[in-house]
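# Working through the structure, step by step
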Amino acid sequence: QVQLVESGGGLVQAGGSLRLSCVASGRITSNALGWLRQAPGKEREFVAAITWGGGSGYYANSVKGRFTISKDNTKNTIYLQMNSLQPEDTAVYYCNARVIATKAFGSWGPGTQVTVSS
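Analysis parameters
- Residues numbered from 1 in each chain as written.
- Predicted model: local features only at pLDDT ≥ 70, side-chain atom pairs only at ≥ 80, totals over all residues.
- Heavy atoms only, no water.
- Salt bridge = Lys/Arg side-chain N within 4 Å of Asp/Glu carboxyl O.
- Helix = DSSP H or I, 4+ residues; strand = E, 2+ residues; numbered from the N terminus.
- Buried < 20%, exposed > 50% of the residue type's maximum accessible area, 1.4 Å probe, protein only.

### Quick word on the pattern of salt bridges
A side chain with one charge may pair with a side chain of the opposite charge, provided their charged atoms come close. Counted under the stated rule, the structure contains three salt bridges. Put simply, arginine 37 and aspartate 89 hold a salt bridge, and the shortest N to O gap is 2.9 Å. Highlighted residues: arginine 37 in strand S4 (residues 32-38) and aspartate 89 in the loop between strand S8 (77-82) and strand S9 (91-96), separated in sequence by 52 residues. Overall, arginine 37 belongs to the buried group, its relative accessible area being 5%. For arginine 66, the salt bridge goes to aspartate 89, with nearest N and O atoms at 2.7 Å. Highlighted residues: arginine 66 in the loop between strand S6 (57-59) and strand S7 (67-72) and aspartate 89 in the loop between S8 and S9, separated in sequence by 23 residues. We classify aspartate 89 as buried; its relative accessible area is 0%. If you follow the salt bridges from partner to partner, you end up with Arg37, Glu45, Arg66 and Asp89 in one network.

Here it is as structure tokens:
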């Protein structure tokens, strides 16, 4: 089973940027990995995913044009570059090892907190 560890979260002012990383240990066999987030009192929601082979990324409408997902196969790592952050982006961000469309089916990391102040 793939184990994941996220990092890179923190406190940032609105309009700022953060880069999240997710390192996977073990062999990745799924087609796509991704990021989801969960704000207080809300359900976990899809943010972005990337195909492990081809590197094609896709995004939730709420982050399209502001966030960029990328990967480094040699490091077994995916990234989430987040620009123009807004208070509504505040959440715990989780990495998942098996994403199909906008649903997550694989193992989860512990998450990393992102807080955006206004």
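So much for the structure itself; the text now carries on.
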